[in-house]
Amino acid sequence: MSLLRIATRKSALALWQTEHVAALLRARHPGLTVELVPLSTRGDEVLDRSLAAIGGKGLFLKELEVAMQRGEADCAVHSLKDVPMELEPGFVLAAVLERADPFDAFVSNHHATLPALPQGARVGTSSLRRQAQLRALRPDLELRDLRGNVNTRLAKLDAGDYDAIVLACAGLERLGFHARIRQRLVAPDWLPAPAQGAIAIECRAGDAETLALCAPLAHAETLARVSAERAMNRALHGSCHVPVAAYCEHRAGRLHLGGLVGSSQTGEAVRAEESGEDPEALGQRVAQRLLDAGAGRLLV
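Residues numbered from 1 in each chain as written. Predicted model: local features only at pLDDT ≥ 70, side-chain atom pairs only at ≥ 80, totals over all residues. Heavy atoms only, no water.

Asker: When you look at the nonpolar core in this model, what are you seeing that I'm missing?
Answerer: One finds M232, L236, L257, V261 and L290 to be the most contacted residues of the largest nonpolar core, which totals 20 residues. Where this core is concerned, the elements lending two or more residues are α9 (220-235), β11 (244-251), β12 (254-262), β13 (269-276) and α10 (279-292). Take this core: its biggest share by element is 4 residues, from α10. (Core = buried A, V, L, I, M, F, W, Y, C linked by side-chain atoms within 4.5 Å. Buried < 20%, exposed > 50% of the residue type's maximum accessible area, 1.4 Å probe, protein only. Helix = DSSP H or I, 4+ residues; strand = E, 2+ residues; numbered from the N terminus.)

Dropping the structure here:
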């Protein structure tokens, strides 16, 4: 194969991620021509409602998968946190790249940290997971919906619509906005979305050429960590409809996974953690511990 076409969303962050993958592929395979196929998805177009209300994060994938089915693209690049636990039949993940900063960022023009916000401050996020953790830590805050790409969200903060917003550190850093991060919200007090910070390449199952081209970009340690997080989420049947958070790291040569199921309305949360070696089994054990602790009533 001398030409590889990569389907991508049109947002600045999606294009950055896809250009990053394209550059890695060109470096690995001299002589390979890599072209981007920018597409608009329903998840990008409908910004007046939450993702949960319009069908979930899978809306960011559909048009890209259709392009692959039609032969208009050979693979697609995604933020792995936006990829459903189960892919559509006929598709596989060809590679998961080394993870960037997995945590969330507190961003504000006038306040240095989340605890420093005044009573009743307006905080923007449409993520139920972030809302649940904000309510748990600061029940006094006024939480307001915030959709759109990174630049749009920052512009709304700068316009004075919010006192603070919460975004992913990785997205800010990839777009050159590292200086906007006032506080990193980190484990164990704050958990990210499963697989946050990781980039994945999706392609057609059985496309041996594309799979072989992408294989050198895979990062085994990242795959183990995000596989545990996604296994937990899968066992809980988690989606953007439910506030589920997870973070896995290596401790003393073993995987350590912490999970959370919360309520975006009350801030109530159930937590569990376990260590192990097999990512899938570890994720399932943490999910079961969460259910045993009462997470089921928060998942309905």
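Okay, back to it.
Asker: Would you mind going over the sheet that holds strand β3 (residues 75-79) with me for this structure?
Answerer: To summarise the sheet geometry, strands pair through backbone hydrogen bonds and adopt either a parallel or an antiparallel arrangement. In spatial order, the strands read β2-β1-β3-β10-β4; together these 5 strands make up an open sheet with mixed pairing. Edge positions in the sheet fall to β2 (33-39) and β4 (91-96), since each of these pairs with one other strand and no more. Going across the sheet, the axis of each strand differs from the next one's by a mean of 30°, ignoring polarity. Pairing analysis gives 5 bridges linking β4 to strand β10 (residues 199-204), with the strands arranged antiparallel. (Pairing = 2+ DSSP bridges. Axes fitted to C-alpha atoms, helices over the stretch in contact; angles between N-to-C directions.)

Asker: Is there a simple way to explain the sheet that holds strand β9 (residues 183-185) in this structure?
Answerer: Pairing is mixed across the open sheet formed by 5 strands, whose spatial order is β7-β6-β8-β5-β9. At either margin of the open sheet sits one strand with a lone partner, and together these are β7 (142-144) and β9. Mean inter-strand twist for the sheet, computed between neighbouring axes without regard to direction, equals 30°. Summarising the sheet, strand β6 (residues 122-124) and strand β8 (residues 164-168) pair through 2 bridges and their orientation is parallel. Counted as the bridge partner of V123 is A164 from β8. Across the sheet, helix α6 (residues 150-158) touches β5 (104-107) and β8, and the angle it forms with β8 is around 165°. (Contact = heavy atoms within 4.5 Å.)

Asker: Explanation requested: unusual backbone geometry in the structure shown.
Answerer: For residues besides glycine, phi is generally negative; the peptide bonds are generally trans as well. Cis peptide bonds are those with omega within 30 degrees of zero, and the linkage from A187 to P188 qualifies with 5°. Note on placement: P188 falls in the loop between β9 and β10. Even without being glycine, A195 reaches a positive phi, approximately 70°. One can find A195 in the loop between β9 and β10.

Asker: Could you clarify how one ought to interpret the packing of α9 against α10 in this entry?
Answerer: Two numbers describe a pair of packed helices, the interaxial angle and the distance between the axes. At a minimum axis distance of 7 Å, the contact between α9 and α10 shows a crossing angle of 40°. Relative to α10, the element α9 lies oblique. Our pair here, α9 against α10, has a crossing hand that is right-handed. Contact residues: A224, S227, A228, A231, M232, R234 and A235 in α9; P279, E280, L282, G283, Q284, V286, A287 and L290 in α10. For the contact of α9 with α10, the class distribution of residues is 10 nonpolar, 3 polar and 2 charged. (Parallel < 35°, antiparallel > 145°, perpendicular 65-115°, else oblique. Left-handed = near helix turned anticlockwise from the far one by under 90°. Nonpolar A, V, L, I, M, F, W, Y, C, P; charged D, E, K, R; others polar.)

Asker: Would you take a moment to explain the pattern of salt bridges for this structure?
Answerer: A side chain of one charge can pair with a side chain of the opposite charge when the charged atoms of the two come close. Taken as a whole and judged by the stated rule, the model has 19 salt bridges. Two residues, D74 and R204, come together in a salt bridge whose shortest N-O distance is 4.0 Å. Here R204 lies in strand β10 and D74 lies in the loop between α4 (62-69) and β3, a separation of 130 residues in the sequence. Looking at R204, the relative accessible area reads 24%, which means it is partly exposed. In this structure, D158 engages R180 in a salt bridge whose closest nitrogen and oxygen atoms are separated by 2.7 Å. (Salt bridge = Lys/Arg side-chain N within 4 Å of Asp/Glu carboxyl O.)

Asker: Explain the environment of F106 to me, please; I cannot follow it from the model alone.
Answerer: Inspection of the secondary structure assignment puts F106 in strand β5. We classify F106 as buried; its relative accessible area is 1%. Along the sequence, F106 and R182 sit 76 residues apart, while their C-alpha atoms lie 5.8 Å from each other. When near neighbours in sequence (up to four residues on either side) are disregarded, F106 contacts H111, A112, T113, L114, L117, A164, I165, R180, I181, R182, Q183 and L185.

Asker: Looking at this structure, I do not really get helix α5 (residues 128-137). What am I missing?
Answerer: Think of an α-helix as turning once every 3.6 residues; residues three or four places apart then point the same way. Considered for burial, the residues of α5 that qualify are R129, R130, Q131, A132, Q133 and L134. Structurally, the start of α5 carries an N-cap: the backbone nitrogen of R129 is 3.3 Å from a side-chain oxygen of S127. (Polar contact = N/O pair within 3.5 Å; in protein donor to acceptor, adjacent residues only side chain to side chain.)

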